[in-house]
Amino acid sequence: MVSRVIPVDRFDLVIFGGTGDLARRKILPGLYRRFVAGQIPEGSRIIGAARTDMPTADFRAHVEEAIVEFVASAKRSSELVGTFLDTIEYVAIDAKGDAGWEELAKLIRADVVQAFYFSVGPSLFGHLAEKLHRYSIASDDARIVVEKPFGRDLKTAQELNATLAAHFSESQIYRIDHYLGKETVQNLMAVRFANILFEPLWNARHVDHVQITVAETVGVGGRGTYYDRSGAMRDMVQNHLMQLLCLIAMEAPYRFDPDAVRDEKLKVIRALLPVAPDDIVRGQYRGQARKNGPDDASFLEDVEDPSSKTESFVALKVEIANWRWKGTPFYLRTGKRLRGRESEIAIVFKEVPHSIFGEEEGWRENVLSIRLQPNEGMTLSVMIKEPGPGGMRLTEVPLDMSFAEALGEEGADIPDAYERLIMDVIRGNQTLFMRGDEVEAAWAWTDPIIADWDARGDKPKTYDSGSSGPEDALMLLHREGRRWREIHE
Ligand code: NAD
């Protein structure tokens, strides 16, 4: 199967923060891969804009290094890299001052698609938005892409939305959540809404519960100061896990259109019940640096604050008060320094109403597992008869759809989430981007949870690095006769 490359119009893409970590690891290598795929039209330009004063040649060398570091060698040839680098320009600008803006204004063309990627800290978003207008750089159709975090609570998110709205309309604002750019996440919508098989079962009558796990093996070392002000609830649940939950729980949009999809997601967020304190477990990893060396530091050592009450792990039970989901809990779990790096959504179906095979030991419930990483794909576990003459014994087999295998060589080359999302920006398709009201609704649900911890001075439980989180998190499901899916090493 050959993957289609959908053409986009010629563009000028400005990456504010072009010298930063995100640009180096994701944005620039991603653009190069799209170039190799033939998706960057001739005459398009990528313009790095950041504080460091340097000539374009130096920035091109920086981009080349990023490509060498982050793009597979099979995709690199000096000729291809050279042609790609020809599309790159650089302007030194100061987001807060006037340096560089007139130069940028001269460079940007009015007759191509204009996109401005704000890959800088959120405190600069307002400055950039204002300067793009003051210097008459952005056309009425220009797009701006903003990175997470989008606020740290409802109030700051509202302020940020108002700041951007002063200069850009909602249809121009692309709030990126790279989880939504993953192939599997989009496939989830295809599986749900392009097949008759699943939708009749997709409700509280047939689904016992849903588990969403985003497990990381890394700690917060390196970004400890930022993380200590954030925590797993703000950094992961309010945005990424919430978006995944919405895609599982939402009704069918009337068509696959950005606002139709986002309207349905918003309804899910608004239907979330407040979470009771008993239904949440927070954790902090405890490393054993003394025994295992500095790489095995504890969370408190990583954030350099022995009294920190920030969580590096959170597990919670979420309930959706609507006709489809009343009675089906959604269990969410995410954390650092866990046993494995794994992201999975598991739809766990109910038992058959009556087992004609009696108390069959091998019986397991059907589970639709949607893996975001590693090995993006979906597996549906079904019960069959154990092969052989041993009588009617049941066994579980996976109906496996690993995208890389199912789609052959092209599947193995699934574009990275950032690549796909940047191309969606150029195309002007907002389906996979969060709308302002969605972000605010998600904070409105998250704020009371965090406020309650703060008011009670809640201290997270500790868990061993390399484990599946605190014991209490296991109990969250055990007490209801359920168990978490295994996190694989
Ligand atoms: P970084 O600190 O590595 O880079 C910051 C960039 O901003 C640099 O290019 C710097 O020159 C530029 N900059 C700073 N002040 C400026 C000013 N006054 N005028 C002009 N340019 C200025 O940051 P990063 O890690 O690349 O993150 C960028 C944004 O992306 C942040 O909002 C971050 O939260 C978000 N983000 C980053 C990651 C990641 O993996 N790094 C992941 C998700 C979201």
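The present account deals with the structure reproduced in this document. Residue positions within a chain follow its written sequence, with the count starting from 1. Totals for whole chains, interfaces and linings use all residues, but because this is a predicted model, local features are given only for residues with pLDDT of at least 70 and pairs of side-chain atoms are given and counted only at 80 or more. As a convention, hydrogens and water are excluded, and side-chain values are obtained from all of the structure's heavy atoms.

**Quick notes on the sheet that holds strand β1 (residues 11–16)**
Applicable threshold: At least two DSSP bridges between two strands are needed for those strands to be called paired. Starting at the N terminus, helices and strands are each numbered in turn, a helix being any DSSP run of H or I of at least four residues and a strand any DSSP run of E of at least two. Here an angle of 0 to 180 degrees is reported between the N-to-C directions of two axes, which are lines fitted to C-alpha atoms, with helices fitted over the stretch in contact.
The six strands are arranged β3-β2-β1-β4-β5-β6 in an open sheet whose pairing can be described as parallel. The strands lining the two open edges of the sheet, one partner per strand, are β3 (88–92) and β6 (173–175). Here the average twist between neighbouring strands, direction ignored, is 20°. Both β1 and strand β2 (residues 45–50) contribute to a ladder of five bridges, which runs parallel.

**Section: the layout of surface pockets**
Where we set the bar: A pocket, in this scheme, is an open set of points on a 1 Å grid over the protein atoms alone with protein on both sides within 12 Å along at least 5 of 7 lines, while a cavity is a set where a 1.4 Å probe fits but cannot get out; residues line either one if an atom lies within 4 Å of a point. Grid points are joined across faces, edges and corners, and a volume is the space filled by probe spheres set on the points. Three classes are used, and their members are as follows: Ala, Val, Leu, Ile, Met, Phe, Trp, Tyr, Cys and Pro are nonpolar, Asp, Glu, Lys and Arg are charged, and the others, Gly among them, are polar.
Counted as a void, the second largest pocket has a volume near 670 Å³. Counting only elements with at least two residues in the lining of the second largest pocket, the list comes to β7 (207–215), β11 (342–349), β12 (367–373), β13 (377–385) and β14 (394–402). A total of four residues in the lining of the second largest pocket trace back to one element, the largest contributor, which is β11. A class-by-class count of the residues in the lining of the second largest pocket yields seven nonpolar, seven polar and 13 charged.

**Quick look at empty space enclosed by the protein**
Under the counting rule described, the total for this entry stands at two cavities of 30 Å³ or more. Put simply, the largest cavity is a space of about 80 Å³. What lines the largest cavity is Lys148, Phe150, Gln238, Asn239, Met242, Gln243, Met434, Glu438, Val439 and Ala442. Of all the secondary structure elements, the ones that give two or more residues to the lining of the largest cavity are α9 (232–249) and α16 (436–456). Ranked by residue count, the leading element in the lining of the largest cavity is α9, at four residues. By residue class, the composition of the lining of the largest cavity is five nonpolar, three polar and two charged. By volume, the second largest cavity is sized at about 30 Å³. Every residue lining the second largest cavity is listed: Thr213, Arg333, Glu342, Glu344, Arg485, Glu486 and Ile487.

**Re the packing of aromatic side chains**
The criterion, for reference: Working definition: rings of Phe, Tyr and Trp (its six-membered ring) pair if their centres are within 6.5 Å, and the pair is stacked with planes under 30 degrees apart, edge-to-face with planes over 60 apart, and tilted otherwise. Only protein chains enter the accessibility calculation, which uses a 1.4 Å probe; a residue whose area is less than 20% of its type maximum is buried, one above 50% is exposed, and one in between is partly exposed.
Applying the stated criterion across every chain yields a total of 17 aromatic pairs. Judged by centre distance (5.4 Å) and plane angle (75°), the rings of Tyr32 and Phe84 are edge-to-face. Taken together, the residues span a long stretch of sequence, with Tyr32 in helix α1 (residues 21–36) and Phe84 in helix α3 (residues 78–85) at a distance of 52 residues. Each member of the pair, Tyr32 as well as Phe84, is classed as buried. Seen in terms of ring centroids, Tyr174 and Phe433 are 4.9 Å apart; in terms of plane orientation they differ by 80°. Their pairing is edge-to-face. In this pair, Tyr174 is assigned in strand β6 and Phe433 in the loop between α15 (417–427) and α16, connecting sequence segments 259 residues apart. This pair shows no difference in class: Tyr174 is buried, exactly as Phe433 is.

**Notes on a nonpolar patch on the surface**
How we decide: Each patch is built from residues that are more than 30% exposed by relative accessible area and take part in no salt bridge. Like charges join if they lie within 9 Å; nonpolar side chains (Val, Leu, Ile, Met, Phe, Trp, Tyr) join within 5 Å. Computed by Shrake-Rupley with a 1.4 Å probe, the accessible areas treat only the displayed protein chains as cover when residues are assessed. What makes a salt bridge here is a side-chain nitrogen of Lys or Arg within 4 Å of a carboxyl oxygen of Asp or Glu, nothing more.
On the surface, Ile356, Phe357 and Met392 cluster together to form a nonpolar patch covering roughly 320 Å² of accessible area. As for its position among the elements, Met392 is in the loop between β13 and β14.

**Focus on the nonpolar core**
The cut-off we apply is this: Buried Ala, Val, Leu, Ile, Met, Phe, Trp, Tyr and Cys residues form a nonpolar core when they are joined through side-chain atoms within 4.5 Å. Two residues qualify as a contact provided that any one of their heavy atoms is within 4.5 Å of a heavy atom in the partner residue.
Grouped together as the largest cluster of nonpolar side chains are 109 residues, with contacts concentrated most on Leu31, Phe84, Leu316, Phe330, Ile345, Ile347 and Trp445. No other element matches the 12 residues that α9 contributes to this core. Excluding residues that lie within four positions of it along the chain, Phe330 makes contacts with Val210, Leu245, Ile248, Ala249, Leu316, Lys317, Val318, Ile320 and Trp325. Counting 31 residues, the second largest nonpolar core, distinct from the first, contains Ala129, Tyr135, Ile137 and Phe168.

**What to know about α9**
Going by this rule: To estimate how far a helix should extend, the number of its residues minus one is multiplied by 1.5 Å. Given a residue, its bend is the angle between the two axes fitted to the seven residues that end at it and to the seven that start from it.
Between the first and last C-alpha of α9 there are merely 22 Å, a value that for 18 residues lags more than 12% behind the 26 Å anticipated at 1.5 Å per step. Taken as a whole, α9 carries its principal kink of about 35° at Met242. Counting buried positions over the 18 residues of α9 gives 18, a clear majority of the element.

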